[in-house]
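Results of the structural survey
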Amino acid sequence: GLLTFNKGISEYIPAKSTLSHMKFIMNSLENMIPTGTTSVKEVLTDLNRFVKKRSLIILISDLYDEEDSVLKYLKYLNAKRNEIIVFHILDDAEINLEFKEPYIFEGMEDKQRVLAMPDMIRAEYKRIINDFINKYKTTCEKNNIDYVLFDTKTPLEYGLIQYLNKRGRLLK
């Protein structure tokens, strides 16, 4: 199945095991246009309405939300014997802040604008973003939740194939 969201659930397609249904889901993902603000924690809370039996849950998100709440709900879903994979999607610019000149950053969700001098904030910014990434990574690993960091430069389908190949080798 597929569940897409922003602040709440946008679309829900129940699970079915036919090839045509899989194509329908893939088409829906391809045509999805991210809009507005998102609330991962709210959607993970609502997920209980849709996940009635043991399931595979794949979360594809930038995870910009209340980290402790998101991790709490991921651990809860994991404790209910769901298999969870987190694909953490970030842009290279978000990770490395390689801008040289003063730059106006505009939020994609709230459109807030901030003028910054990248050279002056880079070290502290990188410490904060690395702490953010590592908190998700280590907490997921400790709770047997698969965590994969994706750079938006890598097409999602390529990253998914790499992940599935790696996972297939681990299962042998």
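Residues numbered from 1 in each chain as written. Predicted model: local features only at pLDDT ≥ 70, side-chain atom pairs only at ≥ 80, totals over all residues. Heavy atoms only, no water.

Within the secondary structure, Met120 is located in helix α5 (residues 118-142). Classification of Met120 as exposed rests on a relative accessible area of 70%. Spatially, the C-alpha atom of Met120 lies 27 Å from that of Tyr136, the residues being 16 residues apart in sequence. (Helix = DSSP H or I, 4+ residues; strand = E, 2+ residues; numbered from the N terminus. Buried < 20%, exposed > 50% of the residue type's maximum accessible area, 1.4 Å probe, protein only.)

For any two helices packed against each other, one specifies the crossing angle of their axes together with the interaxial distance. Packing of helix α3 (residues 67-79) against α5 leaves a shortest axis separation of 11 Å and a crossing angle of 20°. In terms of their interaxial angle, α3 and α5 are classed as roughly parallel. Once α3 is placed against α5, the crossing between them reads as right-handed. On α5, the residues that touch Glu67, Asp68, Val70, Leu71 and Lys75 of α3 are Phe132, Lys135, Tyr136, Thr139 and Cys140. For the contact of α3 with α5, the per-class residue count stands at 5 nonpolar, 1 polar and 4 charged. (Axes fitted to C-alpha atoms, helices over the stretch in contact; angles between N-to-C directions. Parallel < 35°, antiparallel > 145°, perpendicular 65-115°, else oblique. Left-handed = near helix turned anticlockwise from the far one by under 90°. Contact = heavy atoms within 4.5 Å. Nonpolar A, V, L, I, M, F, W, Y, C, P; charged D, E, K, R; others polar.)

Below, the discussion takes up the side chain of Asn82. Of note, Asn82 is situated in the loop between α3 and β4 (83-90). Note on Asn82: relative accessible area 5%, which makes it buried. Polar contacts involving the side chain of Asn82 include one to the main-chain amide nitrogen of Ser55, which spans 2.9 Å. If near-sequence neighbours (up to four positions away) are discounted, Asn82 is found in contact with Val51, Lys53, Arg54, Ser55, Ile57 and Leu77. (Polar contact = N/O pair within 3.5 Å; in protein donor to acceptor, adjacent residues only side chain to side chain.)

We now examine the environment of Asp65. Looking at the secondary structure, you find Asp65 in the loop between β3 (56-61) and α3. Sequence-distant contacts of Asp65, that is, excluding residues within four places in its chain, are made with Thr38, Ser39, Val40, Lys41, Val70 and Tyr136. Side-chain polar atoms of Asp65 contact the backbone nitrogen of Val40, separated by 2.7 Å. A polar contact of 3.0 Å, which involves the side chain of Asp65, links it to the backbone nitrogen of Lys41.

Time to look at the sheet that holds β3. Sheet architecture is open: 3 strands sit in the order β3-β4-β7, paired in parallel fashion. On the outer flanks of this sheet lie β3 and β7 (146-151), each paired with one strand and no other. For this sheet the average axis-to-axis angle between neighbouring strands, irrespective of direction, equals 15°. Strand contacts of α3: β3 and β4, with the helix running at about 155° to β4, the strand carrying the most contacts. (Pairing = 2+ DSSP bridges.)

Within the element layout of this structure, Ser39 appears in the loop between α1 (19-30) and α2 (40-46). When near neighbours in sequence (up to four residues on either side) are disregarded, Ser39 contacts Phe5, Asn6, Lys7 and Asp65.

Moving on, we come to the packing of aromatic side chains. Tallied over the entire structure, the rule returns 8 aromatic pairs. Measuring from ring centre to ring centre gives 5.3 Å for Tyr64 and Phe132, while their planes differ by 15°; the resulting arrangement is stacked. With Tyr64 in the loop between β3 and α3 and Phe132 in helix α5, the pair connects residues that are 68 residues apart, well separated along the chain. A residue is classified by how much of its surface remains accessible, and Phe132, at 8% relative accessible area, is buried. Relative to Tyr136, the ring of Phe132 lies with its centre 5.5 Å away and its plane at 85°, an arrangement referred to as edge-to-face. Within this pair, Phe132 and its partner Tyr136 are both found in helix α5, separated by 4 residues, close to a single helical turn. Taken together through their ring pairs, the aromatic side chains of Tyr64, Phe132 and Tyr136 make up a single cluster. (Phe/Tyr/Trp six-rings, centres within 6.5 Å; stacked < 30°, edge-to-face > 60°.)

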